[in-house]
Amino acid sequence: MNTEFESTADRVVIIGGGPGGYEAALVAAQLGADVMLIERNRCGGAAVLTDVVPSKSLIATAEMMEEIGRSDSLGIRIYDSEGDDGDTVIADLKAVNKRILSLADAQANDIYEGLTRAGVKVIQGTATLADRDHVDVVEEGGTEYTLEASTILLSVGSHPRELDSAKPDGERILTWTQLYGLDELPEHLIVVGSGVTGAEFASAYRALGTKVTLVSSREKVLPGQDEDAADVLEFVFRNKGMNVLSRSRADSVTRTEDGVEVVLSDGRRVEGSHCLMAVGSIPNTDDLGLKTAKIKVSDSGHIKVDGVSRTSRAGVYAAGDCTGVLPLASVAAMQGRIAMFHALGDAVQPLKIRHVASNVFTAPEIATVGFTQSDYRENSTDIDTAMLPLDTNPRAKMLGIKDGFVKLFARRGSGSILGGVVVGPRASELILPITMAVENRLTVDQLSASFAVYPSVSGSLTEASRQLHRHL
Ligand SMILES: Cc1cc2nc3c(=O)[nH]c(=O)nc-3n(C[C@H](O)[C@H](O)[C@H](O)COP(=O)(O)OP(=O)(O)OC[C@H]3O[C@@H](n4cnc5c(N)ncnc54)[C@H](O)[C@@H]3O)c2cc1C
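Reference entry: report on the structure contained in this document.

Basis of the calculations
Note on numbering: residues in each chain are counted from 1, in written sequence order. Two thresholds apply to this predicted model, a pLDDT of at least 70 for residue-level local features and 80 or more for giving and counting side-chain atom pairs, whereas whole-chain, interface and lining totals are computed over all residues. Calculated side-chain values reflect all of the structure's heavy atoms, with hydrogen atoms and water omitted. A carboxyl oxygen of Asp or Glu within 4 Å of a side-chain nitrogen of Lys or Arg is what we treat as a salt bridge. Think of it in three bands: with a 1.4 Å probe and only protein chains considered, a residue is buried below 20% of the maximum accessible area for its type, exposed above 50%, and partly exposed in between. Here a helix means four or more residues in a row that DSSP labels H or I, a strand means two or more in a row labelled E, and each is numbered from the N terminus. What a helix should span is 1.5 Å times the count of its residues minus one. Pairs of residues are marked as contacts when any of their non-hydrogen atoms sit within 4.5 Å. A pair of strands counts as paired when DSSP detects no fewer than two bridges linking them. Axes, fitted as lines to C-alpha atoms, cover a helix only where it is in contact. Angles between the N-to-C directions of the axes lie from 0 to 180 degrees. To be near a molecule or strand, a residue needs just one of its heavy atoms within 4 Å of it. Throughout this description, a polar contact denotes any pair of N or O atoms lying within 3.5 Å of each other; where both atoms belong to protein, one of them has to be capable of donating a hydrogen while the other can accept it, and for residues adjacent in sequence the pair is counted only when both atoms sit in side chains. Areas reported as accessible are Shrake-Rupley estimates using a 1.4 Å probe. Residue values count occlusion only from the protein chains shown. As defined here, a cavity is a set of points on a 1 Å grid over the protein atoms alone where a 1.4 Å probe fits but cannot get out. A pocket is an open set with protein on both sides within 12 Å along at least five of seven lines, and residues line them when an atom is within 4 Å of a point. Grid points are joined across faces, edges and corners, and a volume is the space filled by probe spheres set on the points. When residue character is reported, Ala, Val, Leu, Ile, Met, Phe, Trp, Tyr, Cys and Pro are called nonpolar, Asp, Glu, Lys and Arg charged, and the others, Gly included, polar.

## Observations regarding the pattern of salt bridges
The full count for this structure, using the stated rule, is 26 salt bridges. One salt bridge connects D72 with R77, and the closest N-O pair in it is separated by 2.8 Å. Taking relative accessible area as the criterion, D72 reaches 48% and is therefore assigned partly exposed. A residue is classified by how much of its surface remains accessible, and R77, at 47% relative accessible area, is partly exposed. Residues E227 and R377 are paired through a salt bridge, measuring 3.2 Å at the closest nitrogen-oxygen approach. Linking E227 in helix α6 (residues 227-239) with R377 in helix α8 (residues 373-378), this pair joins segments that are 150 residues apart in sequence. Within the structure, one salt-bridge network assembled from shared partners comprises E162, D164 and K167.

In structure tokens, the structure reads:
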């Protein structure tokens, strides 16, 4: 292996091939740099192999089950083979998981091929930082060498947090990365943790037909999200028969003869067949050589970066979950691109966290961008807000959608749209007009002057912006 680059172009070495790393590699190659990417597992990273792609593929099946579940209210009757009323629709988890794993595999291959086509040299191995311009590599086969670089990007991601008193065993006590090995639907899944990951899996498994108990240490599910949205979701969860245990901290999870037992801090015990631990993530920064290279990290082990992804050492950048900025694939990718624009001297805009649109893929979905309800509480004299329940929307009525709303925040006086929330099916697809309004500082009058199709769920967005019109 020639450890030195052959040309005089910028030499970029990237550690980690998830969205942070591979998007950066593509940009760096496009800008004419020599790029090497070292990945210890497969290109695509946790995002493709265990997190985004598998969970959203599982949720696609769960959504189909939801649709079938409410088809009755739209006049559809399902009969069994004898012609009697039947409820024979089941999710075959073995087939579902087989599909999911093959989608992830294909996506990882596509990303690898895209990188090599773009001229990126992908190395299968583990890398550590030697100093600010050298990276030590141990290839999968054991070959070791050091690469010299003018720019280094650390995009090493994170892994599920584990509790000593609730050690995952991959069979009954599981992290989200281990769910896709299940061949049969759990009879009773206890989900510990009601953040985004816990809520998404609780929602999906309930829709697939599993009995679900959600253990939430907080007052409401989805701490940190819009409170009205969390209220709707919790109402829907309970309505669907989910057992939501609020203000309940899980102290331990142990195996029983045929399942699991979760002991709560107040002494209550919950028995189930399986337990999913969704209690956060830890950055993969422990053995990365950060101390030797004098890269500053936070108490939680996340690499400190600024708005253009610079770490505390010149020439060393970091992107994605290892920075703890916002644990989203879209943010990881943007941080990676920004790092390369900055390092390679292209035009660059710092990351604007306020403009990041995100979505919780529960049923209903919760999409948000910009200003939040707690910002509103602190600035209620300067901000106007309008919230429209979806059950007043004609298209939603036709589609049988009952739960959800759209909410807009606008600056009083100028009418500039500062943010919004959409709760409903496919909210992830409906948030874009609000994101564009926030990004481009559009006013409520500009949004309401845009035609929405009639009838459409997005009509509620223009209607909410009409409600925020102020007479000059
Ligand atoms: C269940 C779940 C669902 C999610 N769904 C969404 C979603 O719908 N939308 C969204 O935007 N985000 C979602 N996320 C978040 C998203 O998965 C992460 O934000 C994203 O994966 C971060 O990308 P990354 O590049 O920082 O890290 P990763 O995707 O984790 O990639 C890091 C890579 O670095 C490699 N690596 C680590 N150390 C080394 C080393 N020393 N040498 C070589 N290689 C190394 C790893 O093998 C890995 O491949 C979800 C997360 C979870 C847990």
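## Focus on helix α1 (residues 19-30)
Because an α-helix packs 3.6 residues into every turn, residues spaced three or four apart end up facing the same way. Taking 1.5 Å per residue as the helical rise, α1 with its 12 residues ought to reach 16 Å, and the 16 Å between its terminal C-alpha atoms agrees with that figure. Buried residues dominate α1, accounting for nine of its 12 residues. Among the residues making up α1, those that are buried are P19, G20, G21, Y22, A24, A25, V27, A28 and A29. Where α1 is buried, its residues meet β1 (11-15), β2 (34-39), α2 (45-49), α4 (93-117), β6 (151-154) and α7 (329-343). Of the residues trailing α1, G32 is marked for its positive phi of about 95°.

## Section: the sheet that holds strand β19 (residues 365-370)
If you walk across this open sheet you meet the five strands as β18-β19-β22-β21-β20, and the pairing is antiparallel. The open sheet has two free edges, formed respectively by β18 (358-360) and β20 (383-389), since each of these has just one partner strand. Neighbouring strand axes in the sheet, compared pairwise and without regard to direction, differ in orientation by 10° on average. In this structure, β18 lies alongside β19, joined through three bridges in antiparallel fashion. Residue pairing in the sheet places V360 in a bridge with I366 of β19.

## Regarding the environment of I353
When you line up the elements, I353 lands in the loop between α7 and β18. Taking the C-alpha atoms as reference points, I353 and T177, 176 residues apart in sequence, are found 27 Å from one another. Apart from residues lying up to four places away in sequence, I353 is in contact with V325 and L326.

## Some words on the pairing of β6
When a strand is regular, its side chains alternate between the sheet's two faces. In β6, alternate side chains face the same way, and those of T151 and L153 on one face and I152 and L154 on the other are all buried. One ladder, built from four bridges, connects β1 with β6; its direction is parallel. Counted as the bridge partner of V12 is T151 from β6. As defined by bridge partners, β6 adjoins strand β17 (residues 316-318) across three bridges and the pair is classed as parallel. Note on β17: the bridge partner recorded for L154 is A318.

## A short note on the site of the ligand
What surrounds the ligand is a group of 36 residues, the closest being G20, E39, K56, D321 and A329. Residue R40 places a main-chain N or O atom 3.2 Å away from a nitrogen atom belonging to the ligand. Between an oxygen atom of the ligand and a main-chain N or O atom of A47, the distance comes to 3.1 Å. Its free accessible area being 1,000 Å², the ligand has 91% of it covered by the protein chains.

## Quick word on the layout of surface pockets
Computed from the structure, the second largest pocket encloses a volume of approximately 630 Å³. Considering the residues around the second largest pocket, the lining is formed by 23 residues, among which E66, E67, R70, A363 and P425 are closest to the centre. With seven residues, helix α3 (residues 52-69) is the largest single contributor of residues to the lining of the second largest pocket. Considered class by class, the residues forming the lining of the second largest pocket number nine nonpolar, four polar and 10 charged.

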